[in-house]
Amino acid sequence: WTGEGERVQMVSGHHIRIQTRTLATLQGDRLFSHNEITETDASAQAKTYARDYWVRPSQGQNGGYDLGVDEQVTSQGRFDGGLLEVEQNLGGSPAYVIRSRTQFDAQGSLYEENIWYGDRELSQTRIRYHR
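Please read all numbers here as calculations on a predicted model, not as lab measurements.

Draft legend 1. Highlighting the overall build of the chain. Counting its regular elements, the chain contains 0 helices and 10 strands. Secondary structure elements in the chain, listed N-terminal to C-terminal, are β-β-β-β-β-β-β-β-β-β. For 131 residues, the compact-globule formula gives about 14 Å, and the C-alpha radius of gyration of the chain, at 15 Å, lands near that figure. Based on the C-alpha atoms only, the size of the chain along its principal axes is roughly 45 × 35 × 30 Å. Looking at the 131 residues of the chain, the share that counts as buried comes to 31%. Pairs at least 24 apart in sequence give 22% of the contacts found in the chain among residues at least 6 apart. Total accessible area computed for the chain in this model is approximately 8500 Å², and 49% of it derives from carbon and sulfur atoms. Positive and negative side-chain charges of the chain, numbering 14 and 18 respectively, have mean locations separated by a distance of 2 Å.

Take a look at the structure:
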């Protein structure tokens, strides 16, 4: 899959262009995702990095999913009607919270992410993925 989109930093108003290539493989009950991401800011400075994670159905929760890294579950989500919603509380006081929604359709998916620090929104990200 390939994706393109943008992150907006709410405080500064900076826009960061995002391009990604994703490879997903099913291993047992887990879908592993390897993501190579390039972020380019307004000054054309590019930063490239990789992220790996997995998704699996939650035990005993219809529509529930665990998301994790290595052997650790880092967040949980719900999948209903083609929409996966996830909230990850990173802790702190006030807490850092990442909320995401992925809407799947015949062409791919639309990923939307909002990062909050307490009641203050720090960033909004939107990436459209294509098969």
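Draft legend 2. Region of the structure containing the sheet that holds strand β2 (residues 15-27). Reading around the circumference, β1-β2-β3-β4-β5-β6-β7-β8-β9-β10 is the order of the 10 strands in this closed barrel, with antiparallel pairing throughout. Averaged over neighbouring strand pairs, the angle between their axes works out to 25° when direction is ignored. Bridge analysis of strand β1 (residues 2-9) against strand β10 (residues 120-130) gives 8 bridges, and the strand direction is antiparallel. Its bridge partner lying in β10, Arg 7 is registered against Thr 125.

Draft legend 3. Spatial organisation of the environment of Pro 57. Relative to the helices and strands, Pro 57 resides in strand β4 (residues 46-57). In contact with Pro 57, not counting residues within four places along its chain, are Asp 29, Gly 64, Tyr 65 and Asp 66.

Draft legend 4. Structural view of the packing of aromatic side chains. With the rule as written, the count across this model stands at 3 aromatic pairs. Their ring planes at 65° and their centres at 6.1 Å tell us that Phe 79 and Phe 104 sit as a pair that is edge-to-face. Taken together, the residues span a long stretch of sequence, with Phe 79 in strand β6 (residues 72-80) and Phe 104 in strand β8 (residues 96-105) at a distance of 25 residues. Under the relative-accessibility criterion, Phe 79 is labelled partly exposed at 34%. Ring centres 4.6 Å apart and planes at 40° place the aromatic pair Tyr 96 and Tyr 117 in the tilted group. With Tyr 96 in strand β8 and Tyr 117 in strand β9 (residues 108-117), the pair connects residues that are 21 residues apart, well separated along the chain. With a relative accessible area of 38%, Tyr 96 lands in the partly exposed category. One aromatic cluster is present, built from ring pairs that chain together Tyr 65, Phe 79 and Phe 104.

Rules used in this analysis
- Throughout, residues of each chain are indexed from 1 in the direction in which the sequence is written.
- The predicted origin of the model limits local features to residues at a pLDDT of at least 70 and limits the giving and counting of side-chain atom pairs to 80 or more, whereas totals for whole chains, interfaces and linings rest on all residues.
- Each side-chain value is worked out from all heavy atoms of the structure, with water and hydrogens disregarded.
- Secondary structure elements are defined from DSSP: runs of H or I of at least 4 residues count as helices, runs of E of at least 2 residues count as strands, and each element is numbered from the N terminus.
- Just to be clear, the radius of gyration here is over C-alpha atoms, and the globule rule we use is 2.2 Å times residues to the power 0.38.
- Only protein chains enter the calculation, and the probe is 1.4 Å; a residue is then buried if its accessible area is under 20% of its type maximum, exposed if over 50%, and partly exposed in between.
- Throughout, a contact is declared for two residues whenever any of their heavy atoms are within 4.5 Å.
- Surface accessibility follows the Shrake-Rupley procedure with a 1.4 Å probe radius. Residue values consider only the protein chains on display as shielding.
- Charge assignment in this entry is limited to Lys and Arg as positive and Asp and Glu as negative, and neither His nor the chain termini are counted.
- Think of each charge as sitting on NZ of Lys, CZ of Arg, CG of Asp or CD of Glu.
- By the convention used here, strands pair only if DSSP detects at least 2 bridges between them.
- Angles here are taken between N-to-C directions and fall from 0 to 180 degrees, while the axes themselves are lines fitted to C-alpha atoms, restricted in helices to the stretch in contact.
- Classification of ring pairs rests on two measures: the distance between centres of Phe, Tyr or Trp rings, Trp counted by its six-membered ring, which must be within 6.5 Å, and the angle between planes, read as stacked under 30 degrees, edge-to-face over 60 and tilted in between.

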